Structure formats: structure tokens, C-alpha cells
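Coordinate analysis (summary)
Single-letter residue listing:
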Amino acid sequence: MNFKRNATDFICRAIVLCFVLVTLYPIIFVGLTSLKATSEFYSNIWGIPKVFKWSNYDSAWTTSRIGVYFRTSVIVVGVSVFVILICGALAGYALSRLKVRYVSAAAVAIILATQLMPLESVIMPLYLLMSKMKLLNGYLTLILPYIGWGLPMTILIYKNYFDTIPRELMEAARIDGCSELQCFFRIAMPIMKPATATNAIFNFVGLWGELLWASVSTATSRFGTLPIGIVSFKQQFSTDWGPMSAAICIVILPLVFLFAFLQKYFVQGLSSGAVKG
């Protein structure tokens, strides 16, 4: 029995290790490539750089305007995620605690229905709407759709998490004289750190790398986010792999720092019912 259990543990650990290696290797490869000259990339594609070319990062940041794209992405994604979290938390609280007959169930059904629509089906109508409103090629061109796309799942995650909070806790706060908003901000919000971290990571990762709508809505201008900047490295006959890999590393770093900062709450949110439906 112990032999079978040890063999099972060994196999499981080996499978997990393989997944870790498969996940980490592309990141390591891009990191090494970012420190190579393009000529060395072709002659020494798998090896460690003979000379570490740190100037690739300076070239990517300034010459290739990755710094401009980075600033745009920080503004667009930062504002979008902030609004999504605030509005999603309020809506999730309302659907969970303010029980209105038939309204809550209908709202949840509509939210779920919106998740069945592929993004490609709304690109053209959304582009025409933005064009009519004179909102193309600006921050609102990206922020408004991003908020709309991020809210449905965020609301559902918050609602399911609010459902796990004991009603006695909220009723005790109301007895002490708290209004509904005071209950939300003073009682519910401090408990919701795991759900907030889960939503923040999901939305940030999804919006940080969004390319389809960004490329369509900013096609007629030099305004764009980091994915647009990465695509601009691709030339007709060649690609400067060193600066391009450096730009990819710049894109990845905020995601790594965000997850490292929020991973405790993220894992807690997943395990305590934040995404349990």
C-alpha cells in the first residue's frame, strides 16, 4: 500500500514538475534572448548570451516607444480595473443582499448570457458606436469597452463571495445603526480582500494583454497599448529579436509583481468560495 502511494506521489510530482518547466522555459528563453544581439540570436539561439546586451532594453523603451505604450497601458488598465472593482463590488453586494423578487435572478441570468457572446461578434457594432460618438483613438475608446467586458464576471464572483458572508454579521451592524452603504464599506469590504484580489488579477491580466479591440480601435493613429507596441516590432522582412524580447519582458514584469503581491489573497479567494457558483 505504501509503495503504491509513494509511486502515485512520485508520478504526480513529476507531472507537476513538467508543467512548471513547460511554463517557465518560454519566460527564461525570452529573458535570455532579450540580452542578445539579433546576430547572436540566430547563431546561438538556445544558449546563454556571450555578451549581455542591456542596451536592448533602452532601445525598446525609447527608440521603439515601448515607454509611451507602457504609460498608456498603465492608465487604461489601471482606470478600467479600478472602476470594474468598485462597480462590480457594489453590484455584487446588491444582488446578494438586497433581495428583490425576480430581479436578482433575472440580472444573474442576463449577466451569464453576456458571457456566451464571443468578443468578435461585438467588435464591429462597438466600433461603429464609438465612431458615431467621436471616441476613437483616445483613452475612452479602450476604457469604456474594457469596463463593460470585465464587469459581468466580476459581479458574479463578488456576488458568490457575498453569499458566503453570514447574514447575522450584517444584521448586527444594522442594529448598531449602520446604513446599507456603511455595512458595505465597513463590514463587507474588509472581508472581501480575497475576492478583490481574484478579480484584480483576472481583469488586469486579461486587459493588459488585450490586442483585438486595441488594434481595431487605434488603427488610424499612433495611440496604443503595449500589445500594439509589441506587434510594431514585426517588420516585413526581418525582426529585431533582442529589443523585441526586451519589450516582452517589460510587458511581463508588472504581471509577475502583481501576482507576487496578491498571491496570498488570490489563493485564499479561490479556496474560500470567491469563484464558487
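Just above, that's the structure.
Below you will find a few notes about this structure. In this convention, every chain numbers its residues from 1, walking through the sequence in written order. The predicted origin of the model limits local features to residues at a pLDDT of at least 70 and limits the giving and counting of side-chain atom pairs to 80 or more, whereas totals for whole chains, interfaces and linings rest on all residues. Water and hydrogen atoms play no part in the side-chain values, which are based on all heavy atoms of the structure.

**Some points on the overall build of the protein chain**
On a plain count of helices and strands, the protein chain comes out with 13 helices and 0 strands. Taken from the N to the C terminus, the helices and strands of the protein chain come in the order α-α-α-α-α-α-α-α-α-α-α-α-α. Think of it in three bands: residues with accessible area under 20% of the maximum for their type are buried, residues over 50% are exposed, and the middle band is partly exposed, with areas taken using a 1.4 Å probe on protein chains only. Every one of the 277 residues in the protein chain was classed for burial, and the buried ones make up 37%. For the protein chain, restricting intrachain contacts to residue pairs at least 6 apart in sequence, the fraction spanning at least 24 positions comes to 72%. With 22 positive and 11 negative side-chain charges, the protein chain shows a spacing of 3 Å between the two charge centroids. Each helix corresponds to a stretch of at least 4 residues labelled H or I by DSSP, and each strand to a stretch of at least 2 residues labelled E; elements are numbered beginning at the N terminus. Residues are treated as being in contact if the distance between any of their heavy atoms lies within 4.5 Å. Charge convention: Lys and Arg are scored as positive, Asp and Glu as negative, and His as well as the terminal groups of each chain are ignored. Note on charges: their place is set at NZ of Lys, CZ of Arg, CG of Asp or CD of Glu.

**Things to note about the nonpolar core**
Only buried residues count toward a nonpolar core. Its members are Ala, Val, Leu, Ile, Met, Phe, Trp, Tyr and Cys residues joined through side-chain atoms within 4.5 Å. In terms of nonpolar packing, the biggest core is built from 55 residues, with Ile66 and Phe162 touching the most fellow members. Those residues within four positions of Phe162 in sequence are excluded, and the remaining contacts are Ala89, Gly92, Tyr93, Ser96, Arg97, Phe184, Ala188 and Met192.

**What to know about the pattern of salt bridges**
For salt bridges, the criterion is a side-chain nitrogen of Lys or Arg within 4 Å of an Asp or Glu carboxyl oxygen. Counted by the stated rule, this structure contains 1 salt bridge. One salt bridge in this structure joins Asp163 and Lys159, with 3.0 Å as the shortest N-O distance. On the basis of relative accessible area, Asp163 is assigned to the partly exposed category, the value being 38%. Exposure remark for Lys159: the relative accessible area of 13% places this residue in the buried category.

**What to know about the side chain of Thr225**
Mapped onto the fold, Thr225 is located in the loop between helix H11 (212-217) and helix H12 (226-231). In contact with Thr225, not counting residues within four places along its chain, are Tyr69, Thr72, Ser73, Leu142, Glu210 and Ala214.

**Here we look at helix H5 (residues 103-114)**
Take the number of residues in a helix, subtract one, and multiply by 1.5 Å to get its expected span. For H5, built from 12 residues, the straight-helix expectation of 16 Å at 1.5 Å per residue is met to within 8% by its first-to-last C-alpha distance of 17 Å. Contacts from the buried residues of H5 go to helix H4 (66-97) and helix H7 (139-162).

**Looking at the environment of Ser215**
By secondary structure assignment, the location of Ser215 is in helix H11. On the accessibility criterion, Ser215 (30% relative accessible area) is partly exposed. The spacing of Ser215 and Asp240 is 25 residues in sequence and 21 Å in space, taken between C-alpha atoms. Under the rule applied, a polar contact is a pair of N or O atoms within 3.5 Å (in protein, one hydrogen donor and one hydrogen acceptor; residues adjacent in sequence only if both atoms are side-chain atoms). A polar atom in the side chain of Ser215 sits 2.8 Å from the backbone oxygen of Leu212.

**Quick notes on the environment of Lys53**
With respect to the helices and strands, the residue Lys53 is situated in the loop between helix H2 (38-43) and helix H3 (55-63). For Lys53, a relative accessible area of 35% gives the class partly exposed. Distance in space between the C-alpha atoms of Lys53 and Leu169 is 58 Å, their sequence separation being 116 residues. In this view, Lys53 contacts Ser34, Leu35, Lys36 and Ala37; residues no more than four positions away in its chain are not counted.

**Focus on the packing of H7 against helix H10 (residues 193-208)**
Axis angles are defined between N-to-C directions and span 0 to 180 degrees, where every axis is a line fitted to C-alpha atoms and, for a helix, only to the segment in contact. The geometry of H7 relative to H10 is characterised by a closest axis approach of 10 Å and an angle of 155° between their N-to-C directions. In terms of orientation, H7 and H10 fall into the roughly antiparallel class. Classified by chirality, the crossing of H10 by H7 is right-handed. On the side of H7, the interface is formed by Tyr146, Gly150, Met153, Thr154, Ile157, Tyr158 and Tyr161, while H10 contributes Pro194, Ala195, Thr196, Asn199, Phe202, Asn203 and Leu207. Think of it as three bins: nonpolar holds Ala, Val, Leu, Ile, Met, Phe, Trp, Tyr, Cys and Pro, charged holds Asp, Glu, Lys and Arg, and polar takes everything else, Gly as well. Looking at the contact of H7 with H10 residue by residue, the class counts come to 9 nonpolar, 5 polar and no charged. Should an angle lie under 35 degrees it is considered roughly parallel, over 145 roughly antiparallel, and from 65 to 115 roughly perpendicular; all remaining angles are considered oblique. Left-handed is the label given to a crossing in which the near helix is rotated counterclockwise from the far helix by less than a right angle, and right-handed is the label when the rotation is clockwise.

**A look at the packing of aromatic side chains**
Aromatic rings from Phe, Tyr and Trp, with only the six-membered ring used for Trp, were paired whenever their centres fell within 6.5 Å, and each pair was classed as stacked if the ring planes differed by under 30 degrees, edge-to-face if by over 60, and tilted otherwise. Applying the stated criterion across every chain yields a total of 16 aromatic pairs. Put simply, the rings of Tyr93, Tyr158, Phe162, Phe184 and Phe185 touch in pairs and so form one group of aromatic residues. Charge-over-ring placement is defined geometrically: NZ (Lys) or CZ (Arg) within 6 Å of the ring centre, and within 35 degrees of the ring normal. The residue whose ring lies beneath Arg65 is Tyr69, and the NZ or CZ to ring-centre distance is 5.2 Å.

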